[in-house]
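What follows is each chain in one-letter form.
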Amino acid sequence: MPAVDEERPHLVDCQDGSPSSQAAPRSARCGRPCVVVPLMLCAAALGSLVTLRLQKAGAVLTTVPMSPYHDRLQSSVRFFPSRASEVLGELSVKEVQEISAWFMLQTGAAPCRAFENVSTWLAGPSAVELLRPPKAETLAYLDGKGVKPPRFARVTMVTNSSVLEFKVGPVEDLSKAKISELVPKGAIPYSKRPGFEETWFVKPIYDAVVTELGASLLVKAFGPIWPQLAGYDPSRGTVSFLPRNDPLAPRGTRRIRIKSVVVPPAPSRPDAQWLNPLPLDMEVNITAWNVSEWSINHITFCNQGPFDSPKTLLQAYSKGQLQMCNATFSAGHWDTPQRESPRGTLRNESHHNGVSWGPWSFSVTQRPSTGIAVTDIRFRGERIVYELALMDSQAIYGGSLRDQFMYSDSAYTMSQWSTSLEPGVDCPDKATYLSAANWMGPDMSRRPDPREAQEFWPICVFDWVEDHEIWRHMDAAQSRGYVRKTVVVRSIATVGNYDYIMDVKFREDGEINVETRFAGYPETRFPGQGEEVFSTLVRDGVAGIVHTHSVAWKADIEVAGQKNALHVTEVREHESSGLGVNWKADGQEQRFPTKILQHHYVDREGANSTFVADTRVPKAWAIVNRNSSVSSGAWKNPRGYRIELLSFSTAQVHSPEHPFVKAMPWTKYHLAVTKYQDNEYRPSSPYVNFDGLQPLSGPYAQDLDVFLSNNESLMDEDLVAWIGLNKEHIVRQEDIPLVSNFGVSFSLQPWNFFDLNTGSNPPSEL
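The following refers to the structure shown. (Residues numbered from 1 in each chain as written. Predicted model: local features only at pLDDT ≥ 70, side-chain atom pairs only at ≥ 80, totals over all residues. Heavy atoms only, no water.)

1. A look at the overall build of the protein chain
Reasoning step 1: Helices and strands together make up the secondary structure of the protein chain, namely nine helices and 38 strands.
Reasoning step 2: Counting over 766 residues, the protein chain shows a buried share of 57%.
Reasoning step 3: When contacts within the protein chain are restricted to residue pairs at least 6 apart in sequence, long-range pairs at least 24 apart make up 68% of them.
Reasoning step 4: Summed over its atoms, the accessible surface of the protein chain is roughly 32300 Å², and 51% of this surface lies on carbon and sulfur atoms. (Helix = DSSP H or I, 4+ residues; strand = E, 2+ residues; numbered from the N terminus. Buried < 20%, exposed > 50% of the residue type's maximum accessible area, 1.4 Å probe, protein only. Contact = heavy atoms within 4.5 Å. Areas by Shrake-Rupley, 256 points an atom, 1.4 Å probe, with all protein chains shown as cover.)

2. So, helix H2 (residues 93-107)
Reasoning step 1: Taking 1.5 Å per residue as the helical rise, H2 with its 15 residues ought to reach 21 Å, and the 21 Å between its terminal C-alpha atoms agrees with that figure.
Reasoning step 2: Inspection of H2 places Val 93, Glu 95, Val 96, Ile 99, Ser 100, Trp 102, Phe 103 and Met 104 among the buried residues, and these make up the whole buried set.
Reasoning step 3: At the exit of H2 stands Gly 108, carrying a positive phi of roughly 80 degrees. (Expected span 1.5 Å × (residues − 1).)

3. A closer look at the side chain of Thr 370
Reasoning step 1: Relative to the helices and strands, Thr 370 is located in the loop between strand E18 (360-367) and strand E19 (371-379).
Reasoning step 2: On the basis of relative accessible area, Thr 370 is assigned to the buried category, the value being 5%.
Reasoning step 3: Once residues within four sequence positions are removed from consideration, Thr 370 is found in contact with Leu 390, Met 391, Ser 410, Met 414 and Arg 682.

4. Things to note about the state of the cysteines
Reasoning step 1: Per the stated rule, a full pass over the model turns up two disulfides.
Reasoning step 2: One disulfide in the model links Cys 302 with Cys 325; its S-S distance is 2.0 Å. Between Cys 302 and Cys 325, the S-S dihedral sits near -55 degrees, and the bridge is therefore left-handed. With Cys 302 in the loop between strand E14 (295-301) and strand E15 (304-307) and Cys 325 in the loop between helix H6 (310-318) and strand E16 (346-349), the pair connects residues that are 23 residues apart, well separated along the chain.
Reasoning step 3: Looking at Cys 302, the relative accessible area reads 9%, which means it is buried. (Disulfide = S-S within 2.5 Å.)

5. Quick notes on empty space enclosed by the protein
Reasoning step 1: Here the structure, examined in full by the defined rule, presents eight cavities of 30 Å³ or more.
Reasoning step 2: The space that makes up the largest cavity amounts to roughly 100 Å³.
Reasoning step 3: Looking at the lining of the largest cavity, its residues break down into four nonpolar, four polar and three charged. (1 Å grid on protein atoms, 1.4 Å probe; cavity = no way out; pocket = protein on both sides within 12 Å on 5 of 7 lines; lining within 4 Å. Points joined across faces, edges and corners; volume = space filled by probe spheres on them. Nonpolar A, V, L, I, M, F, W, Y, C, P; charged D, E, K, R; others polar.)

6. Describing the pattern of salt bridges
Reasoning step 1: Per the counting criterion, the structure on display carries 45 salt bridges.
Reasoning step 2: With its nearest N and O atoms 3.5 Å apart, the salt bridge here joins Glu 523 to Lys 259. Placement of Glu 523 in the loop between strand E26 (512-520) and strand E27 (524-525) and of Lys 259 in strand E12 (residues 255-263) is noted, with a sequence separation of 264 residues between them.
Reasoning step 3: We classify Glu 523 as buried; its relative accessible area is 1%.
Reasoning step 4: Measuring nitrogen to oxygen at the nearest pair gives 2.7 Å for the salt bridge that ties Glu 283 to Arg 402. Of this pair, Glu 283 sits in strand E13 (residues 277-285) while Arg 402 sits in the loop between strand E20 (382-397) and strand E21 (405-408), placing them 119 residues apart in sequence.
Reasoning step 5: With a relative accessible area of 2%, Glu 283 lands in the buried category.
Reasoning step 6: A single network of salt bridges, built from pairs that share partners, joins Asp 246, Arg 255, Arg 257, Glu 283 and Arg 402. (Salt bridge = Lys/Arg side-chain N within 4 Å of Asp/Glu carboxyl O.)

7. Quick look at the pairing of strand E22 (residues 432-438)
Reasoning step 1: E22 sits mainly inside the fold: seven of its seven residues count as buried.
Reasoning step 2: Pairing geometry for E16 and E22, over two bridges, is parallel. Across the sheet, residue Glu 349 finds its bridge partner in E22, namely Tyr 433. (Pairing = 2+ DSSP bridges.)

8. Remarks on the sheet that holds strand E11 (residues 238-245)
Reasoning step 1: Across the sheet, which stays open at both edges, the five strands sit in the order E11-E12-E13-E14-E15 with antiparallel pairing between neighbours. Each edge of the open sheet is held by one strand with a lone partner, namely E11 and E15. Put simply, the sheet's adjacent strands are angled 20 degrees from each other on average, direction ignored.
Reasoning step 2: With five bridges connecting them, E13 and E14 associate as antiparallel partners. Its bridge partner being in E14, Asn 285 is matched across the sheet by Ser 295.
Reasoning step 3: Of the strands in this sheet, E13 and E14 touch helix H5 (residues 215-222), which is tilted by about 40 degrees from E14. (Axes fitted to C-alpha atoms, helices over the stretch in contact; angles between N-to-C directions.)

9. Describing the layout of surface pockets
Reasoning step 1: What the second largest pocket holds in volume is close to 790 Å³.
Reasoning step 2: Lining the second largest pocket are 44 residues, with Leu 131, Arg 154, Asp 678, Asn 679 and Tyr 681 positioned closest to its centre.
Reasoning step 3: Residue assignment for the lining of the second largest pocket shows that the elements contributing at least two residues are strand E7 (128-131), strand E8 (152-159), strand E9 (163-169), strand E10 (178-188), E20 and helix H9 (704-708).

10. Structural notes on the packing of aromatic side chains
Reasoning step 1: The tally for this structure, following the rule as stated, stands at 24 aromatic pairs.
Reasoning step 2: Aromatic side chains Trp 360 and Phe 379 sit 4.9 Å apart centroid to centroid with 75 degrees between the ring planes, which places their arrangement in the edge-to-face category. Of the two residues, Trp 360 is situated in strand E18 and Phe 379 in strand E19; the sequence distance between them amounts to 19 residues.
Reasoning step 3: For the ring pair Trp 553 and Phe 746, a centre distance of 6.4 Å and an interplane angle of 65 degrees mean the geometry is edge-to-face. Here Trp 553 is found in strand E30 (residues 547-557), whereas its partner Phe 746 is found in strand E38 (residues 742-751), with 193 residues between them in sequence.
Reasoning step 4: Ring pairing ties together the aromatic residues Phe 196, Tyr 397, Phe 405, Tyr 407, Tyr 412, Trp 417 and Phe 690, which thus form one cluster. (Phe/Tyr/Trp six-rings, centres within 6.5 Å; stacked < 30°, edge-to-face > 60°.)

Below is the structure:
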């Protein structure tokens, strides 16, 4: 039996020495010593010891209330210390703290650019992350055939002119640590530097514009909602701004677009600002390191302009050339949900990230930039996936030349702007939670400092009795079947207005189902002339913009080892003649076309190893081992795992030459297959949000099209499947205030891997 989790962290979050309440932010720090209540629950039914964290002030342990999931509270999931977690588990809170402090001491780097005069700093969500060890060494250790590889960190540092990446370690003994260059100076343009904290320096610039425009224009147009101006009345709302990366700036330029919004007063929630756009926008060129060189231009007022400065805008106003717009703001039920599910009182926590359930075992981790990853996935002890991991999410919005835009969410972070998951809301009460390090959030205004990394709980694991059977048949007037049971690994990432809900479901019959759902506030803008071309007008002054959600996953599949091939089966129509078939037709009988199967292997990387689903030509894409089979004779079938889309996925609307597509080329494909390389670890880089007309495609690029251009053999090689799913979001009235969650999914399915349906005889303990 796997080892049990015997770690016992403190049992209360607190602020000013008192137990935490729902009103206290999760990121709060204690002002004086906390009152710690040691509590252990011996859960014999769980087969392990877990920690329970009180989440409500004055809470008394009572019967856990029924979860909205309406599922049993006992769990058959076990947690244990795994070898995969030792070598592939992301850096712990302690490791992040120690490595960043040591590196900063050696180099003089700051934890972030908190002040204008900082010239060397750690940057981006990948500032300090695990540098994954070579796969060959890792597999040798996982299989008991080699020593444990040492752990190293990848550290990203920005100077006043360059972006660099370093290998730092070994992590286990920093007294012997060294710093070696991974990506040299000049390989990544300074205009593409990671991180978003420099936008702090934009606020004085924005405030100066507001002050210069003055109350005679702004208060007259929008009311006393400007904290920079006299007569400010916070009961009417407060103007703020949202900085947005501009990937369409001229080549070599780092530019942000400033979008003004109104933070409504209570009872609305502060994030309802996403539904309250204010039509005063501008652009700031922040290419230079010296903030005094930053310049503002392209100011628009009520969708008029652009004006190159506040002065020219005021001149147009004084000449009567400026029209006011009907921008009204009201707080209330329309922009804030009125009902929500009650939170649970307990969180079961484990510091062991190895998971076993029925026939499955695997390890779970959370990466600081790209988010959830599951490694060393085994079914009945046999490894079938080395790594199954979220890679990125892209959102592309339509609009005029200066209104269309794109986000790479992993370049912001698909982990660290999130908070710990809520029992009873995000996950069932019986779920167990796993932790990760966070030095960026959840407050987006926090100044990142890896030395002050904190533990949070963004992952939950639970078993689940689904609402349907694995198999079912009526036989002799009697219905027979077996209800499907599943273990779910869930992670939820918040990136600004959107929440991404990732579920990886491991099922008794060997299938792995992967689903990404989209939630949160839709992005809006104040409608301009012809806005109906780009948006749904959901309210006066509120346009919900058409946009594409795209999400990328990496599946490093292993079928009976690493010598695999890409097998494609197509279903096509064919005339009922030829093909060496006895068509069993009479001489004059009319013949009708039939369906046939066409099989082939893809021999090399490139265009032939990329696929977009075609509804007219159904295909089965499978990673197989040509030298392994559970069958025999003339009908010998190679064992494999199929990649199947489970939801309708649109194709990329933009052309391959569009900067948004060049930045994240995986959005062109539903599937692309490449030969595994240690240095090809993500399909797009964390540097794509800025200076999009200068693509990063050199030898240090993380770019799927660069991987494909290697033209390497795919026959009997170690293969990686890169899976991309797209969903067009045409905003509807019912997306206000928050969207009804929707998503995309795919499946990894046994493909002649077993001799029978394993779901017909699952493990008895489930």
